[in-house]
Amino acid sequence: MSLQCIIVEDLQVAADYLGRCCEKSGLASVKAHFTNVPEALEYLDKNAVDLLFLDVEMPGATGFELLDQMAYHPKVILTTSKSEYAYNAFEYNVTDFLKKPFTYQRFLEALHKVGQASEQSLVQNSTDHIFIKSDGKLVRLNNDDILFIESMGDYVKFVTPDKKYITHNTIKNLEEKVNKHFFMKVHRSYIINITKIDDIRENDLFIKGNEIPISKAHKGEILKRLNII
Amino acid sequence: MNNPTLPKIFIFSEKIDSDYLFSLYADDFDYMEEVFAVTLQHFDQDLEAIEMAWASRDIPELKKAVHKIKPAFGFVGLTDVQQSCKEFEDECQQCADAGELKTSYKQIVATLAESKSLLEIEHRRLKEFNATPL
C-alpha cells in the first residue's frame, strides 16, 4: 500500500526530486507540496497523511515549529542540508533524516524505516486489552469495553458502558500506547473507540449519549476511517 | 552487420562532480536537464534574497538566504560551491558585525555568479545533447 504523504520544502529542485523519488518507488504518493509552514498546517488540519517530508529552515517558521503545532503526528522524514539538526530530529522522534541532496538508495532506506516503524507500532499496539492503575490496583479493560477516554488535567477518565475509571495519565501519552485499530484521538482531550460511534453531527460525535467534540484537525482522519458508503 | 547500440555519454565540465550527479540521477540526462533548468529558474530570486539581506546588513537573514540556496548546488553537482556556502553560513553564525563578513561576502557572491554562468552553459549543452538522437 502506498503511503499518503506531503512535502514541505521551500527549495523547488529538492521538492521535485523528492516527488520523483516517491513516484519511482511506488511506495509513497505525494498529495501536496508546500513551501511554508502555515500553508502546510492548514492542509494538515483538514487532511490526514501517513508521512511528512519536512524541511527544517523555511520562511516564517521552521519544520520543528510545524511539528509543535500539529494535532496528530504522522511519520516524519526530515530533509535538510544541515547535519546539526540530527539531534533535534531525535528529540522530535522523526523516523529518518535525509541530508540534501540524497541518493535514491538513501531515500529508499528512509522509506523502509518508515515501514518498519509503522509495523513496530502496530505490533506494540495490537493487543485486545490494556491494564490501568485505578484505586490502587491494576484493572484489565478490554478494548471493546472502552467507549472513550477523556482528559482531566493530569488524569484521564476511561469510560466503559458500566463504569468510569480515573487514572494518572495523559491523552498525549495514551495516544501512542492504545491499539490504533480501535482508538483514535479526536480532540486534544478525547480518544475514542472508533467502533463505538453512534453518530456524527457537525463537529461533535456521540457515543452512548455522550457528546464528544471533534477538533478541525481530526475531522478528516475520522471521516477517512469511517465506513461511509 | 548491426552495431550494438552504445549508451549516450555526456561529459560535464570538470568543475561539476559528475560522479556525484550520476549517483543521484544515474544516466537520466533528461531529468538532469530539468534539474539544471529548475535551479536556474530560481537562481536570481535566491541570489536577490542574499543581496537584499546584505544590503540591510541583516546577518540572520543573510545566513538563511545562503542556507536556502546551498543544497541547490548539490543537486547540480557543484559540491564545492555547496561547501563554500556552508562555510559562509558558519561565518555568519560566528560573526557579530556585518563588516567582518565583507570579504567573504564578496567572494561568495562572485562564486555564485560564476556558478550561474557555468550552469547556463551546462544546461544549454545538456539540452543540445538530449535533443540529439542516438
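Note that the coordinates shown come from a computational prediction; the quantities given were computed from them, not determined experimentally.

Residue-level contacts link 23 residues of chain B with 17 residues of chain A. Carbon and sulfur atoms make up 60% of the area that chain B and chain A hide from each other, which totals about 1,800 Å². The largest contributions to the chain B side of the interface with chain A come from B:Tyr31, B:His67 and B:Phe75, which together make up 33% of the buried area. Taken together, the links from chain B to chain A amount to one salt bridge. Among the salt bridges present, the one from B:Asp28 reaches A:Arg20, with a minimum N-O distance of 2.2 Å. Across the contact surface, chain B and chain A share six residue pairs in polar contact (both at pLDDT 80 or more). For the side of chain B that touches chain A, the secondary structure elements donating two or more residues are helix H1 (18-25), helix H2 (29-55), helix H3 (59-75) and helix H4 (79-94) of chain B. Considering every element that reaches the side of chain B that touches chain A, the biggest residue donor is H3(B), with nine residues.

Moving on to the sheet that holds strand E12 (residues 190-193) of chain A. All names here are of chain A. Across the sheet, five strands lie side by side as E10-E9-E8-E12-E11; this open sheet has antiparallel pairing. The strands lining the two open edges of the sheet, one partner per strand, are strand E10 (164-168) and strand E11 (183-187). In this sheet, adjacent strand axes meet at a mean angle of 25° when their direction is disregarded. Direction of pairing for strand E8 (residues 148-152) relative to strand E9 (residues 155-159): antiparallel, over a ladder of five bridges.

Residues and elements named next belong to chain A. One ladder, built from six bridges, connects strand E6 (residues 129-134) with strand E7 (residues 137-142); its direction is antiparallel. Note that in E7 the partner of Ser134 across the bridge is Lys137. In this antiparallel pair of consecutive strands, E6 and E7, the connection spans two residues, and Asp135 shows a positive phi of 50°.

About the thresholds
- Residues numbered from 1 in each chain as written.
- Chains lettered and ligands numbered in written order.
- Predicted model: local features only at pLDDT ≥ 70, side-chain atom pairs only at ≥ 80, totals over all residues.
- Heavy atoms only, no water.
- Contact = heavy atoms within 4.5 Å.
- Buried area = accessible area lost by both parts, 1.4 Å probe.
- Salt bridge = Lys/Arg side-chain N within 4 Å of Asp/Glu carboxyl O.
- Polar contact = N/O pair within 3.5 Å; in protein donor to acceptor, adjacent residues only side chain to side chain.
- Helix = DSSP H or I, 4+ residues; strand = E, 2+ residues; numbered from the N terminus.
- Pairing = 2+ DSSP bridges.
- Axes fitted to C-alpha atoms, helices over the stretch in contact; angles between N-to-C directions.

Without other data, these values stay purely geometric and don't point to any function.
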